[in-house]
Every structure is written in C-alpha cells, then in structure tokens.
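As a plain string of letters, each chain reads:
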Amino acid sequence: MKGIAEFAVRRRWFVVVGWVVFVIAVQAIAGAMGGASYKDTFSLPHTETASVANLLKDAGLNNQNGAAGTVVLKDRAGAFTAAPSQLQPALVKLCGSGNHVALIATPWQSIDCSKSGAAGPGNPTLLNSSRGSTTALVTVTWENDHYDAALFKNVYDDLKTLNSDQLQVEFTGDAFQGIGQSSGSGSSVLIGFLAALIILAIVFRTVAATVLPLASAVAALVSGLGVIYILTHAINVSNITPYLAELMVIGVGVDYALFIVTRHRRNLRRGMPVTESIVSAINTSGRAVLFAGSTVCIAILGLIALGVSFFNGMAVATALAVGFTMIASLTLLPALLSLFGLKVLPRRHRAAVRAGQFIDDQPVGLWARWSQFVARNRIPVAIVAGAVMIVIALPFLSLQLGASDQGSDPKDSTTRTGYDLISADFGVGYNSALEAVVSGPGASEPAYLERVSKALAAVPGVDPGSLGTSPLTKDVAFVTFKTTTSPQSEKTYTLVRHLRSTVLPPLYDGTANRIYTYGGTAINVDFATVLGRKMPLFITVVVGLSFILLLIAFRSLVIPATAAVMNLLAAGGSFGLAVAIFQYGWLSDSMGAGPGGPIDAWMPVMLFAILFGLSMDYQVFLVSRMHEEWVHTRDNKRSVTIGQAETGGIITAAALIMIAVFLGFLLSPGRPIKIFGTGLASAVFLDAFILRTMLVPALMNIFGRANWYLPKWLDRVTPHFSVEPAAEAVPVAAGAGSSDGGRPEDEQELVRTGHP
C-alpha cells in the first residue's frame, strides 16, 4: 500500500491524466458498440421449470418457451365487432421486422412467424365476449434464444402507434416489464451526489476536501458503467445491474474516500508533512478500504455459487464496479490530495499547522461524551439497542418470497393500466399464465387431456371457464388455465404447490406420462424455492468468511463473533422493514410501488451480500481504532471509549451519505429497486446509529479484556495480517506540543513505534 501511495503522489499528473484517458476510452468503446445490451436469463437446475424447458427444447418447441408480452386493446367507442383494420398489417409486419418474434395470437387469428407468417385460427378466449367485447388481447411470443429488452422495445414502438381516438393500446406481461418508464436513474444519482456534497461540506468545511471524494466516486462510476456496458455484449447482464452499480459506487465510493481524507486531515493537524500524511493515510485507512471493498466483491461474487444464471452477470458487473471504486480511492484520490496540499483543511486549521500548533490524540466533544455514557451505562444501552433491533426484525419471520406482478407498477404506466384493464374485464386471475404440460406417449390423447382438465377444474382457485387444451406434438400437450387470484397472491403460489404435490401426481403415477405445472407464477415458485433452499448455506458461508477475516485482522475470537451477530441483526432489521413497507403494504403505494405484495426472491440474497460488505466497512473502521489503542495501553475501557469517540462522527457522517444516496433511488420507477434502496438505506441507518453507536461498544465494554482473547494454539496457526500496519511510524514535528494539550512522552513513543 505504501508503494502505491508513493507512486500516486510522485506521479500525480500521470495518474490523473491516466484516469481521464481511461474514462474517455471506456465510454468511447461502449458507444462504438451501441451502448449496453442487457439480457435477463433464468436457469433453475433441478426444478420443474428446467424440466419443461428441456422437454420443449428436445421436442423442437423452443418457441413455446420464449419471452411473452400482452398487448391490450380497448375499443373506446363500444364493442369489437371485428379486428381493428390497422391491426393485421401491423402484426404481419412484426414477423419481418428482425425482432425475432415467433408467435402472435389474437381473438381473430394467429400468426406463426417461424413459418413465414402462416395464419391460423384465432383464440376466442382473448376477447371478453361475456362483458361486452370491449377489450381484446394480443399475445406476442419471441424466439426462445432472444430475451433482449431492445427487441421488446422495438415491438412496443411499432405497436403503440395503433393508439388512436377509437382504440386504446396498452402493454403488459414479462417482456414489457418497465416499458415506457424511465430507464435511467439520472435524478436519483443527482440527488445522491447533492446529498453527499452537502454532508461533506458540513463535515469538512473546505471546498477541496468536499469535492475530492465526489471526484473519486464520479471517476469510478463513469468508468465502471462503461465497462459494464461493454460486458453486456460478452455475457448476460440483467437490466437492473446499472442501478445496483450506481447504488454501490456512489455509496461506498464516497464512503471510502471520506475515511481516507479524514485520516489525512488528522495526520496534517498532528504535524505530518503533506506527502507523508497521504502515504500514511493510504497505508492505514487505505488498508481498511482494500479490506472492506475486497470483502464486498467476494460476497457479491459468491452469488454465482447459488447456481441461478440471473445472478451471474449481475454479480460480476457489480463486483467490477466496486473494484473500480477501490482502485480510484487508492490511486486517483491520493494523487488529487497531493495537488491540493493543505487546502484540504479549513483556513483556521491551515494557519495553525503553518504556525506549528498541532493537536494531540485526546478526543473531545459530543462523541467523546457519548462514548463515556455508553461505557457507564453499558448494560441498559445493550438491552435497549438489542430490543429495538429484534422488534424491527420481527416482520422478517413472515417474509413471502416471490415476484410482484404488474399490479404493483406505477399507476400511470402502460403496464399497470393494461394490468388493470385485464383485471376489470377478464378478472384478476387472467393476468396469470399457467399450464399443465403433459409429456409422454399418451400426452395428446383427447380422453387423457379431458381427464386432466376435469381434475384441474375441480380445484379451488382454478377458473373452470379458462381451461383449454393444446396438443403440440404426439408426446407433448398443454392444458392452459387461469387462476381466480392474482399472479403475486400467496394463494396462487399455494395453488401451484398444491397442484404439483397433490392434484397432478395421481393422474400420471403408474403411467409413462408426466405432468408439470408451468408458467410465470410456477417459475417464480421454483425461483423462490431454489433461493430459499440455498439461502441458509449462502448466509453461513458469508458470515463464516467475515468471522475468519476479522479473526485474522484483530487476533480475537469475540470480535468476529460479535460482528457476525451484528451482521445478522442488521440484515434482519433491514428485511423486517422491507416486509412491513412493501409486503404488508404500509407505505408501498404512497412510494409508487403499488399495493403490498411479495418480496422479489432475489432481493434478500443480494441485500445480504452487499450489507455484509457495508457492515464490515463500519466494523473494521470502528474496531481497528480500538485495536490500535488496545495494543498501546492494554486498557479495554480506554480502547473502546477512545475508539468510538474518534470514529463515531466519521462513521455516522459516512452513513448519512450512504442513506441519502440509497433513498435517492426511491425515485426510480421499478418496485424492485425501491425495495433495494429502502433495504440498504435502513440497513445502513440501523448499522451506524444503533449497532456501531450503541450495541457494539456496549457489548465490548461488558466483555472487557475477553474482547481480545485468542488461544495460543490458534494464534500460532492463524496467518498474520493487520488492517492497520503493525509498526506504523507517526512522525510528529519537532516541538509539536499541541495547543489542545500534550500527550505524555511515553505515549508519544508508543505512537511512533506502534508497540507497547
């Protein structure tokens, strides 16, 4: 770390210009490649979803398994008597548009694009004849290998031109998710930066120190997004990835720079020359940044181990963005700091440093008083803080994993309008898409399909009038049906499980046939099941990793054990608030996320992975200062109180910046990103203002010297690595007696040597 810092300072203009050239080059390459090409892919091994996908592929029916969207047509004048005159030419044109449309179905006819646009009979159930025939549906299915948002957007652009005074046209379904809504988060990013600017200005009270963390974060963000754009052309990356990258880069980028700049300013005020101060800050706080950032990357990349392809590109891209954040903090930031010199200090402090008036290490002020209060009242503080965290986490026990349907989209979006039209004219269950996929030698026999249909019709929750049979080949047939409840309803999820476990098995047991439950809700059930099954293992691995890393860093058993419990409490509190707000629906609708519904199945896993890194960030910064004092004094109470007093202000300032950044993403249109932003913001708040400010120091005061216990045999086999360098020299200017009071000579010697 010291060599990196010295190079960045010595070749500062080379580093700054190098970053500028890199950012421009990355953006230019991404632009030349046509920008981003996001794709969502789902692979759920060892599930009915995977079995049906393989079955259709082997039968040459891939087009039956492609992405699908629904176009909702509303006759403004009355009832449909025939297909709108402009509809047929527009649909035929889609087949030759190059957008890889496979099948189109309307109430009046069907079009098979894979057979040169061959026309077939229509599907009368796509017209609500029982309610006046004022609403008709057109289903569009894409080729299986082309789940590409750009293709869906092209079809949307072609068909929205059908909208007129006589015909209302809306779009729903998975393929059109988020269509017509703002795809960027520029306003969210702007709000995050403005909040960071205000908080940094209050903390630092000088332009240079305020701007530099933001400059470092901007460089990391722009370069990271450019690399992500390029990466989307090589691997499948979800379109939600840039939101996550922006969340992480702005939050941790400013956070990491804040820690380093704070350490640098403290070094300057203690009498260090500018160059030595920068090198020391990178060699100390920079190590914590590298430690915490690497942990975030490892945790995020651990998502690949879940075996769900949806996470792979997202994990790689987000980890790359965090990696650029670390690199910018450790290279660009020290180069910029060296350019500004003492200007990172307010004028009064600059004048004091030039006059040889330096500070000592004795903390004073609000945080010093608070740390003393926690030490005196450690048991009541621990009880109150622990009780608050447990109460907030209680809703987590009723967590419902799934996927919200488009009834949770913003009220003015075309997807929500289309969803509501279908619900009003066809019934809310018509928004569901479920099939019983029959496979085997008797799959297409009319008598067998009739038997399956009768069994389904008798099940509560299935709409009997929606049943239809579709023999596709001799060995594969679909029995399609709708539910009486919405796709996101827990009753619909329960119905899918009931069909799979109880209703359908008796129909094929003892035969060569097999019946699978398939469709949007069934896929979500499998997705939630896979993640729910693997989540305990994932959490165990992540918590175990944090335990090992902290054990190595701080040579203690109690500190990593405490950190593991704190991580779980922070996650539980965050999940509990997310369930209360978005699943119970307490504030969901007012936040533009629709009524209460299930929490997206991927959310807890991704939240925990990122929260783990953020929690480690604060834990390392807090405990490293305590550990440094413990090494000097072997006085636990002094170590804990001074460590908290010196880091409490900077941790809460960093947390406020992160909270503001994360809450800024509530302006984004998608429900998932609102849940994600709220979850991270609440987790950071609970972590910084309850756990690290109250519970952790209270527990460390209670545990006493046991905090630093490590058995000798374990000490011998544990690798030696420290977040803080073992013997960091802190040169203090000659005669650097502080205007705030001096430090005893023996303690000054301890600071210089780093040893008791």
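Anything mentioned here points back to the structure above.
Below is a summary of the structure that appears in this document. Quick caveat, the model's predicted, so the values are computed rather than measured.

1. Let's talk about the sheet that holds strand β2 (residues 101-105)
No. 1: Here we have six strands laid out as an open sheet, ordered β4-β3-β2-β5-β1-β6, and antiparallel in their pairing. One side of each edge strand has no neighbouring strand; the edge strands of this open sheet are β4 (118-121) and β6 (167-172). Each adjacent strand pair in this sheet contributes to an overall mean axis angle of 20°, direction not counted.
No. 2: Relative to strand β3 (residues 109-112), β2 runs antiparallel, the two sharing three bridges.

2. Observations concerning helix α15 (residues 446-457)
No. 1: Across its twelve residues, α15 extends 16 Å between first and last C-alpha, which sits within 8% of the 16 Å expected from 1.5 Å per residue.
No. 2: Every buried residue of α15 is listed here: Y448, L449, V452, S453 and L456. Buried positions in α15, seen along its axis, are confined to an arc of 140° and lie on one side of it. Across α15 from its buried face, at more than 90 degrees, point the exposed residues P446, A447 and K454.
No. 3: Next to the buried residues of α15 lie β8 (434-439), β9 (462-471), β10 (476-483), α16 (490-503), α17 (505-508) and β11 (514-519).

3. Comments concerning the packing of aromatic side chains
No. 1: Across all of its chains, the model carries 16 aromatic pairs by this definition.
No. 2: A centroid spacing of 4.2 Å and a plane angle of 10° characterise the contact between F259 and F621, whose relative ring orientation is stacked. Of this pair, F259 sits in helix α8 (residues 241-269) while F621 sits in helix α20 (residues 602-633); the two residues are 362 residues apart in sequence, bridging distant segments of the chain. Assigned by exposure class, F259 and F621 land together as buried.
No. 3: A centroid spacing of 5.1 Å and a plane angle of 25° characterise the contact between F685 and F689, whose relative ring orientation is stacked. With F685 and F689 both in helix α22 (residues 671-703) and four residues apart, this pair spans about one turn of that helix.
No. 4: The partly exposed category is assigned to F685, whose relative accessible area is 42%.
No. 5: A network of ring pairs unites the aromatic residues W142, F152, Y156, F171 and F176 as a single cluster.

4. Details of the nonpolar core
No. 1: The biggest cluster of nonpolar side chains holds 161 residues, and the ones touching the most others in it are L303, F311, W602, M606, L614, F662 and F676.
No. 2: It is α20 that contributes the most residues to this core, 19 residues altogether.
No. 3: In this structure, F676 is in contact with L244, L247, W602, M603, M606, L607 and I610, ignoring residues within four places of it in sequence.
No. 4: One finds F80, L94, V101 and C113 within the second-largest nonpolar core, a separate group that totals 29 residues.

5. Re unusual backbone geometry
No. 1: Located in the positive-phi region is R555, a residue other than glycine, with phi close to 50°.
No. 2: Of note in the backbone geometry, R634 takes a positive phi value of approximately 55° without being a glycine.
No. 3: Following the sequence through the fold, R634 ends up in the loop between α20 and α21 (636-664).
No. 4: For R634, a relative accessible area of 43% translates into the label partly exposed.

6. Some thoughts on helix α13 (residues 378-393)
No. 1: Given a rise of 1.5 Å per residue, 16 residues ought to cover 22 Å, and the 22 Å separating the end C-alpha atoms of α13 matches this to within 8%.
No. 2: Here α13 has its buried residues at V381, A382, A385, G386, M389 and A393. Down the axis of α13, the buried side of the element spans an arc of 120°, and every buried residue falls inside it. Residues of α13 that are exposed and angled more than 90 degrees away from the buried face: I379, I383 and V391.
No. 3: The inward-facing, buried residues of α13 contact α12 (366-376), α19 (558-583) and α22.

7. Considering the side chain of Q168
No. 1: Relative to the helices and strands, Q168 resides in strand β6.
No. 2: Looking at Q168, its side chain comes within polar contact range of the side chain of E170, at 3.0 Å.
No. 3: Setting aside its immediate chain neighbours within four residues, Q168 contacts V72, L73, K74, R76, N163, T417 and L421.

8. Brief notes about the sheet that holds β8
No. 1: The antiparallel open sheet is built from four strands, whose spatial order is β9-β10-β8-β11. The strands lining the two open edges of the sheet, one partner per strand, are β9 and β11. Across the sheet, the mean angle separating the axes of adjacent strands is 20° when strand polarity is ignored.
No. 2: Two elements, β9 and β10, share six bridges in a ladder whose sense is antiparallel.

9. Looking at a nonpolar patch on the surface
No. 1: A cluster of nonpolar side chains, W13, V17, V21, L339 and F340, forms an exposed patch at the surface whose accessible area comes to about 470 Å².
No. 2: The set of elements that each furnish at least two residues to the nonpolar patch consists of α2 (12-32) and α10 (309-340).
No. 3: Of the residues forming the nonpolar patch, the biggest block, three residues, is contributed by α2.
No. 4: Inspection of the secondary structure puts F340 in helix α10.

Calculation rules
- Residue numbers restart at each chain and count upward from 1, following the sequence in its written direction.
- Local features in a predicted model are, by the rule used here, given only for residues with pLDDT of at least 70; side-chain atom pairs are given and counted only at 80 or more, and totals for whole chains, interfaces and linings are based on all residues.
- Excluding hydrogens and water, the side-chain figures rest on all heavy atoms present in the structure.
- By definition, two strands form a pair when at least two bridges between them are found by DSSP.
- Where helices and strands are cited, they refer to DSSP runs of H or I of at least four residues and of E of at least two residues respectively, numbered from the N terminus.
- A fitted line through C-alpha atoms serves as each axis, taken over the contacting stretch for helices, and the angle formed by two N-to-C directions is quoted from 0 to 180°.
- Here, expected helix span is obtained from the residue count minus one, scaled by 1.5 Å.
- Exposure is judged per residue with a 1.4 Å probe applied to protein chains only, and the accessible area is read against the type maximum: over 50% gives exposed, under 20% gives buried, and values in between give partly exposed.
- To obtain the arc, one takes the directions from the helix axis to the C-beta atoms.
- Residue contacts are defined here by distance: any two heavy atoms, one from each residue, within 4.5 Å place the two residues in contact.
- For Phe, Tyr and Trp, where Trp contributes only its six-membered ring, two rings pair if their centres lie within 6.5 Å, and the inter-plane angle classes them as stacked under 30 degrees, edge-to-face over 60, or tilted in between.
- Residues grouped as a nonpolar core are buried Ala, Val, Leu, Ile, Met, Phe, Trp, Tyr and Cys residues, joined through side-chain atoms within 4.5 Å.
- Two N or O atoms count as a polar contact when they lie within 3.5 Å, although within protein this holds only if one can serve as hydrogen donor and the other as acceptor, and sequence-adjacent residues are included solely when both atoms are side-chain atoms.
- Patch members must show over 30% relative accessible area and no salt bridge, and they are joined within 9 Å when carrying like charges or within 5 Å when they are nonpolar side chains of Val, Leu, Ile, Met, Phe, Trp or Tyr.
- Where accessible areas are quoted, they stem from the Shrake-Rupley method and a 1.4 Å probe; at the residue level, only the protein chains shown are allowed to cover.
- Here a salt bridge means any side-chain nitrogen of Lys or Arg lying within 4 Å of a carboxyl oxygen belonging to Asp or Glu.

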